[in-house]
Structure formats: C-alpha cells, structure tokens
Amino acid sequence: LLLLSTVRTDLMDNWRQSLPDNAPNQFMINIQPHDVDPMADFLTEREMQVPAYVPLVRARMSTINGVNVTQMTFEDPQGERWARRDSNLSWTAELQADNRVVEGRFWDPGTGEAQVSVEQDFGRELGLKLGDELGFNIAGENLSATVTSFRTVEWDSFSPNFFMVFSPGVLDEYPATYITSMHVTEDQRADLLDLMRAFPSVTAIDLDAVLGQVRDVM
C-alpha cells in the first residue's frame, strides 16, 4: 500500500505527459451513417476539431481455415474466449499512424481481394499465422478473408483501433455504425453538450472522467 501510494501519481502523470496536448479526450460511438456528414458540419460551424469517422461492423468469428471455432482447442484460454465472442470489425485503405506492420504486408490501394490485418497479440492468442482463412457470420451471412499481415497497435493513443481490420470493399454490404475520438477543450464543453442534443443516438464517453475514476481507485 505504501508503494502504491508513492508511485500512483507518477504512473498517471508520466503516462499523461507522454500524450500530446491535443490527445483525444472524448470517444463517440453509435454514430449512424446518415449522421456522419451533419456531425462534421456541426463541428465545422462551431470551429471544433472534425475527427475521422471509423466504420464498425459487429460480427462473430465462425471458422479458422474451415474449422468451426466451437470445435477447436486453443492453447491460450484467452484465444478461446476471443474466438467465441462478438467481434468489432472495421476497414481502411491506409494504415493508421499508431499502427505498425510487424509481419506480412499491408494491402495495396485498390486491391480487390478479401484481406484482413490482425493485431499481433490477438493473433498469437488465437494461434493465427499468415495465410490463414478466417470466416465470420455477419447478420446471418457468411464472409471469409485471408490474414495478410500482423500489426502492433498503440492502444493508449485513444484513437479508434481494432483487433481486425479489413481491406476496403469487403464489408461494404454489411450494416455499420461509426465511431470517433476527438479533443475538446474546456471552453468547448457547452458546444459538446449541444452536439449531444442535436444527435441523441450518439453516445459520448468522457475519457477525462474515466481517467479521473482510475486515479481515484488507485
């Protein structure tokens, strides 16, 4: 307890100091496709940061190399849990700045193949390797894609990130919502409240408040 009381402040402060001043402090989910452009217009009118909107598709992994995941045995218990729970999928044409390919190759622009890039630790827990074929069930329909790269992710950047990211076009036909993160200054808090009133289906998560709770627990 004495050690924790001594280091708790340093742990939080050092971590916060490692983030840029404009690091995202608001995370927004449940953004409907038809709200993306109006939200961007609203933020532009209020002279607030217009963030990148990242698509999200809910799915469940069904097969690995044609074998049903419910019939598989995983060396890592966490891998078994990941395989049998719902997954959040996304797609992108370009690798995010806080992601780095450590094995394989990220897809070329305009590729027409169904490819998926997997976060390194997530892939290790599932026992995946390059060239594996992953199958998913999305809203009752089946989809498969080939693992072509593994990535490391800077999760503490507070940018939207995913364990599995697909090449463009693969998930276009499936229902998606959008998520984003942005930096809101103290004098923009009132504008943020107006944004929430204008788009009531959007859920905003105040990261500063979350970190405050973590600090209190520590």
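These numbers were taken from a predicted model, which means no experiment stands behind them.

Chemist: How would you summarise helix H5 (residues 189–198) if you had to cite specific residues and measurements?
Modeler: The set of residues buried in H5 consists of Asp191, Leu192, Leu195 and Met196. With its buried residues spanning 145° around the axis, H5 presents them on a single face.

Chemist: Can you tell me about the pairing of strand S8 (residues 141–153), naming the residues and giving the values?
Modeler: In this structure, strand S5 (residues 99–104) lies alongside S8, joined through five bridges in antiparallel fashion. Directly across from Arg100, in S8, lies its bridge partner Thr152. When strand S6 (residues 115–119) meets S8, the two strands line up parallel, connected through five bridges. Paired with Gln115 across the strands is Thr146, a residue of S8. Taken together, the six bridges between strand S7 (residues 133–138) and S8 define a ladder with antiparallel strand orientation.

Chemist: Quick rundown of the packing of aromatic side chains? Include the residues and the values.
Modeler: Working definition: an aromatic ring pair is given by the centre-to-centre distance plus the angle between the planes. Applying the stated criterion across every chain, the model contains seven aromatic pairs. Between Phe122 and Phe163, the aromatic rings sit 4.7 Å apart at their centres with planes inclined by 15°, giving stacked as the arrangement. With Phe122 in helix H4 (residues 120–126) and Phe163 in the loop between S8 and strand S9 (164–166), this residue pair connects regions lying 41 residues apart in the sequence. Relative accessible area serves as the criterion here: at 2%, Phe122 is assigned to the buried category. Centre to centre, the rings of Phe136 and Phe166 are 5.6 Å apart; their planes meet at 70°, and the pair counts as edge-to-face. Of this pair, Phe136 sits in strand S7 while Phe166 is found in strand S9, placing the two residues 30 residues apart along the sequence. The two residues Phe136 and Phe166 agree in class, both being buried. Joined through ring pairs, the aromatic side chains of Trp82, Phe122, Trp155 and Phe163 make up one cluster.

Chemist: Can you lay out the side chain of Ser90 for me, pointing to particular residues and giving the numbers?
Modeler: The residue Ser90 is located in strand S4 (residues 86–91) in this model. Of the polar contacts made by the side chain of Ser90, one reaches the backbone oxygen of Pro55; its length is 2.6 Å. Each residue touching Ser90, except ones within four places of it in the same chain, is listed here: Val54, Pro55, Phe162, Met164, Val165, Phe166 and Leu171.

Chemist: Break down the nonpolar core for me, with residues and values.
Modeler: Leu134, Phe136, Ile138, Met164, Phe166 and Leu171 are the most contacted members of the largest nonpolar core, which has 28 residues in total. For Phe166, the residues in contact, after removing those within four places along its chain, are Leu89, Ser90, Trp91, Thr92, Trp107, Gln115, Val116, Phe136, Leu143, Ala145 and Leu171. Of all hydrophobic cores here, the second largest spans 17 residues; its members include Met39, Leu43, Leu195 and Val202.

Analysis parameters
- Counting of residues starts from 1 at the beginning of each chain's written sequence and follows it residue by residue.
- Reporting of local features is limited, given that this is a predicted model, to residues whose pLDDT is at least 70; pairs of side-chain atoms are given and counted only at 80 or more, and all residues count toward the totals for whole chains, interfaces and linings.
- Excluding hydrogens and water, the side-chain values take into account all heavy atoms of the structure.
- Working definition: with a 1.4 Å probe on protein chains only, accessible area under 20% of the residue-type maximum means buried, over 50% means exposed, and in between means partly exposed.
- Runs of H or I in DSSP of at least four residues are treated as helices and runs of E of at least two as strands, each being numbered from the N terminus.
- What the arc describes is the spread of directions from the helix axis to the C-beta atoms.
- Strand pairing is assigned whenever DSSP detects at least two bridges linking the two strands.
- For Phe, Tyr and Trp, where Trp contributes only its six-membered ring, two rings pair if their centres lie within 6.5 Å, and the inter-plane angle classes them as stacked under 30 degrees, edge-to-face over 60, or tilted in between.
- Side-chain atoms alone can form a polar contact between residues adjacent in sequence; in general such a contact is a pair of N or O atoms within 3.5 Å, and within protein one must be able to donate a hydrogen while the other accepts it.
- Here, residues are in contact when the closest pair of their heavy atoms is within 4.5 Å.
- Nonpolar core, defined: a set of buried Ala, Val, Leu, Ile, Met, Phe, Trp, Tyr and Cys residues in which side-chain atoms within 4.5 Å join the residues together.

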